[in-house]
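Architecture at a glance
One letter stands for each residue in the lines below.
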Amino acid sequence: MIQYLQNNGPVIQAALSQHVYLALLPVLLGIVVSLPIGYLAVRFNFLYHPLLNLSGILYAVPSLALIVLVPSVLGIRILDPLNIIVALTVYTVALLVRVVADGLKSVDPLVAEAASAMGYRRLRRLVSVELPIALPVMLAGLRVATVANVSLVSVGALIGVGGLGTLFTRGQQLNYAPPIIVGIVLSVVLAAILDGIIVLIQRRATPWVRAAGRIAS
Amino acid sequence: MNDGLLSYLLDGDNWQFGATGSIPSLILTHLWYTIQAVAVAAAIALPLGLYIGHTGKLSFIAINAANAGRSLPTLGLIILLVVLMGRGFLPVLIALVILAIPPILTTTYAGIRAVDPAAIDAAKGMGMRPMQVLFKLEVPMALPLISSGLRNALLQVIATSTVAAYVGIGGLGRLLVDGIALNAYERVVAGAVVVAALAIVVDLIAAVIQRSVISPGLTGRRVTRRTTKTVPAPSTSPAPTGQPGPGTRTKAPTS
Amino acid sequence: MKKKNLLGAVGVLGVGMLVLAGCSDPTESTGGSASGDSETITVGSANFPESELLAEMYAQVLEANGVDVERSFNIGAREVYLQALEDGSIDLLPEYNGALLAALSDDGAPEGVTSPDDVYDALQDVLPEGIVSLPQSDAEDKDTLSVTSETADEYDLETIEDLEPVADQLRIAAGPEFAERIQGIKGLESEYGLTFKEFVPLDAGGPLTLAALTDGDVEVANIFSTDSAIETNDLVTLEDTKQLFLSENILPIVREDKSDDTVEDALNSVSEALTTENLTEYLAKVQVDKQDSASVAKEFLTEYDLL
């Protein structure tokens, strides 16, 4: 194991940095795409169920299939990491749309009314009142999506673009455990770090949650 | 091009019951793997979750299980176990069980914890002993959350076990892996559609079972055969109208 | 609510996005837009260790000659990486003349074309536009059908033809792509009249396939001829009397617009140095000793004075 680590530093490093890139970009893109869609789902009630059902269906499609089919649909080259990014963004959006919609729905209508009464117009009300209240729920969903993405990126190794996943396939081809173990450990650590970062953001962005917790207890 | 992509799915030859490699036989194999994995995971996670929820000990395991489990890369875990244990379904089963335990464990724990302490008090006041409190009160009241955890685990295993075809396992994943190796995308499309459809169907069936098993008092469902007007109990758990609230329905990764 | 905090959170996200957008995409080095740059050659490999070892040799010898190289290894089986070659995701990779000929010809290799030179010539007719092959090596790695010595004794097997009477009792393991290939199940059916009891899709010449054979889960397996496991496990390679699996000399396949004299000379030096024996020897260092392909390739190139 030690020998493996000594001899393969660059390979592991390259895999890790590719993995970070492939996991994070879809999350950021997913946030940008799912916020308006989630909002629309709540704003126009007739859209809520269709959009959420569509999300559910997309989420049920196995990631391997999505990664492989994206080139056919988009006409991009097969080895382009864009395939993974698009596929994972689709997943992230599928997950986050529900979270955003439910988060916005959980805002007490009385609070929204009070804001309107105070003169807040729709957009400002959304940004200043509804989104902040929905934040805890949305950030919880974001944690799930991010951690899930870290795990899903490695599936791309089955078409040769998989960040830490390449360590898994290499280990399989050589019947050799150390690269696999290294890949799993790094993957879990990466997920934990990203999860922790979101928790920190959560604390800074929603200080009232902890305060309420302290008062309640 | 779309005709080409759907050709494998729509070809009647691929739907012959009983023929090896046909879609129905792959579905059955896939379901069989899924049931085994979820059953074993439930056998471990349910008692553990009940114990931790009821006694409050070791709660950090239950709380963090979901997050830790989600961060385990499925492909890596399956490959590792195959390299260590050799070929066959057993290493894959173990990997799937490891991945299915966290959602069940966490929701079982959360469900038991969420039971109204007043109700527990009342039960004790009625003379129920701890075991009776657990099984006659806490479990039924925690059922919405517990069953949503089971549903979650089911969906996750259905989607995740497709990746296991890479190490030679059967099931619907074969359509994906073979399709990729053969550059035959019609197979991949067929696999994707069937897996998604299977997941949705299984989820619907689970939802129906869930609705019929959970006490109507919890769901606010009116039981019309009562003659006295029954005021539905305020739901302490999110109303499981197929879409329980965000906290319980944050799905684990499907791959 | 403190607008500051919400803005802060949004700000972090926004900055994150900008950073990622601006920062150099580490994945571009693996086949993204690398081919647009006429100076850089992207070397690809198939999803088995030997291919990666050869590709690594090509990459290192090119680098030693001042060529910029990007690596995109472990792409998949031929069906996948050929597509990558054609659409420009990769520029160069190690191939096997017979297998490539069979794959690119509509009905498999033409009749009677079996010797290395014949195969090489026939290959020129079927290579896609813009893709050329460089001179081939003497080193070969063939697909084999191998059985354990016990099975060989039990059914009296020496050649693939000997399988014909008993094939319906035997199970065979290979990579999933084997099922549709002329140099696979299809050809075994049409040329040898073999109908196996079961085809078990595992990994082409990989540990799963080998384990299935030695465990007795299958009786026949597709193992690569340079795999030291054949000797170690006392396996019997069935003779290919009808030459279904032609010569399989190793040769570089490259996009024409990326190949110049420096590139060609460098790659030719590797092809000349390779023999089936030394390839088997060095491959064992990767497969058995679990050394990484980069250092094994370097060792080889140093040993034969190619760097």
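Residues numbered from 1 in each chain as written. Chains lettered and ligands numbered in written order. Predicted model: local features only at pLDDT ≥ 70, side-chain atom pairs only at ≥ 80, totals over all residues.

**Notes on the overall build of chain A**
Definition in use: What counts as a helix is a DSSP run of H or I of at least four residues, what counts as a strand is a run of E of at least two, and both are numbered from the N terminus. Residues are scored as being in contact if the C-beta atoms we place from backbone atoms lie within 7 Å.
The secondary structure content of chain A amounts to ten helices and zero strands. Its C-alpha atoms put chain A at 65 × 45 × 20 Å along the principal axes. Considering only intrachain contacts with a sequence separation of at least 6, the fraction spanning at least 24 residues in chain A is 70%.

**So, the overall build of chain B**
Note the following rule: Whether a residue is buried, exposed or partly exposed follows from its count of other C-beta atoms within 10 Å of its own C-beta, namely 20 or more, 12 or fewer, or something in between, respectively; the C-beta atoms are built from the backbone.
Along the backbone of chain B there are eleven helices and zero strands. Element order for chain B, N to C, with α for helix and β for strand: α-α-α-α-α-α-α-α-α-α-α. A burial count over chain B gives 49% of its 255 residues as buried. Sequence-distant contacts in chain B: of pairs separated by 6 or more residues, those separated by 24 or more amount to 71%.

**What to know about the sheet that holds strand β7 (residues 198-201) of chain C**
All names here are of chain C. Selection criterion: Whether two strands pair depends on DSSP finding at least two bridges between them. Helix axes use the C-alpha atoms of the stretch in contact, all axes being lines fitted to C-alpha atoms, and the angles between their N-to-C directions lie in the range 0 to 180 degrees.
Reading across from one edge, β7-β6-β8-β5-β9 is the order of the five strands in this open sheet, with mixed pairing throughout. On the outer flanks of this sheet lie β7 and β9 (235-237), each paired with one strand and no other. Going from strand to strand, the sheet's axes swing by 35° on average, the running direction of each strand aside. Taken together, the four bridges between strand β5 (residues 143-148) and strand β8 (residues 220-224) define a ladder with antiparallel strand orientation. By the bridge assignment, Leu145 is partnered in β8 with Asn222.

**Observations regarding the interface of chain A and chain B**
To keep it simple, the criterion reads: Under the scheme applied here, ten amino acids are nonpolar (Ala, Val, Leu, Ile, Met, Phe, Trp, Tyr, Cys and Pro), four are charged (Asp, Glu, Lys and Arg), and all others, including Gly, are polar.
Contact residues are listed per partner, giving 44 residues for chain A and 37 residues for chain B. Counting only elements with at least two residues in the side of chain A that touches chain B, the list comes to α3 (45-60), α4 (63-74), α5 (82-105), α7 (122-153), α8 (165-174) and α9 (177-205) of chain A. Take the side of chain A that touches chain B: its biggest share by element is ten residues, from α9 of chain A. The residue makeup of the side of chain A that touches chain B, split by class, is 30 nonpolar, twelve polar and two charged.

**Concerning the environment of Asn7 of chain A**
Looking at where Asn7 of chain A falls in the secondary structure, it is placed in helix α1 (residues 2-7). Taking the C-beta count within 10 Å as the criterion, Asn7 of chain A has 15 such neighbours and is therefore assigned partly exposed. For the pair Asn7 of chain A and Val20 of chain A, spaced 13 residues apart in sequence, the C-alpha to C-alpha distance is 22 Å. Discounting chain neighbours no more than four positions away, the residues touching Asn7 of chain A are Asp292 and Ser295 of chain C.

**A closer look at the environment of Phe245 of chain C**
All names here are of chain C. Structurally, the position occupied by Phe245 is in the loop between β9 and β10 (250-255). Among the residues examined, Phe245 registers 24 C-beta atoms within 10 Å and is labelled buried. Along the primary structure Phe245 and Ala204 are separated by 41 residues, whereas in three dimensions their C-alpha atoms are 15 Å apart.

**Points about the confidence of the model for chain B**
Low pLDDT marks regions whose predicted coordinates should not be analysed in detail. Residue and element names in this part refer to chain B. We count it as follows: Values of pLDDT, which run from 0 to 100, indicate the predictor's confidence residue by residue.
Confidence along chain B averages 81 in pLDDT terms, with 84% of residues attaining 70 or more. Note on residues 235-255: pLDDT is under 50 here. Beyond four places in sequence and across chains, it has 66 contacts. The ipTM, which scores confidence in the relative placement of chains, is 0.86 for this predicted complex, and the corresponding pTM is 0.84.

**A closer look at helix α2 (residues 9-43) of chain A**
Residues spaced three or four apart along an α-helix face the same direction, because each turn holds 3.6 residues. Our working definition: By definition here, a helix of n residues has an expected span of 1.5 Å times n minus one. In this analysis the local bend is the angle between axes fitted, respectively, to the seven residues ending at and the seven residues starting at the residue.
With 35 residues, α2 of chain A extends 51 Å from end C-alpha to end C-alpha; this agrees with the ideal 51 Å at 1.5 Å per step. The largest bend along α2 of chain A measures about 30° and falls at Ser34 of chain A, with the proline Pro36 of chain A one to four residues further on.

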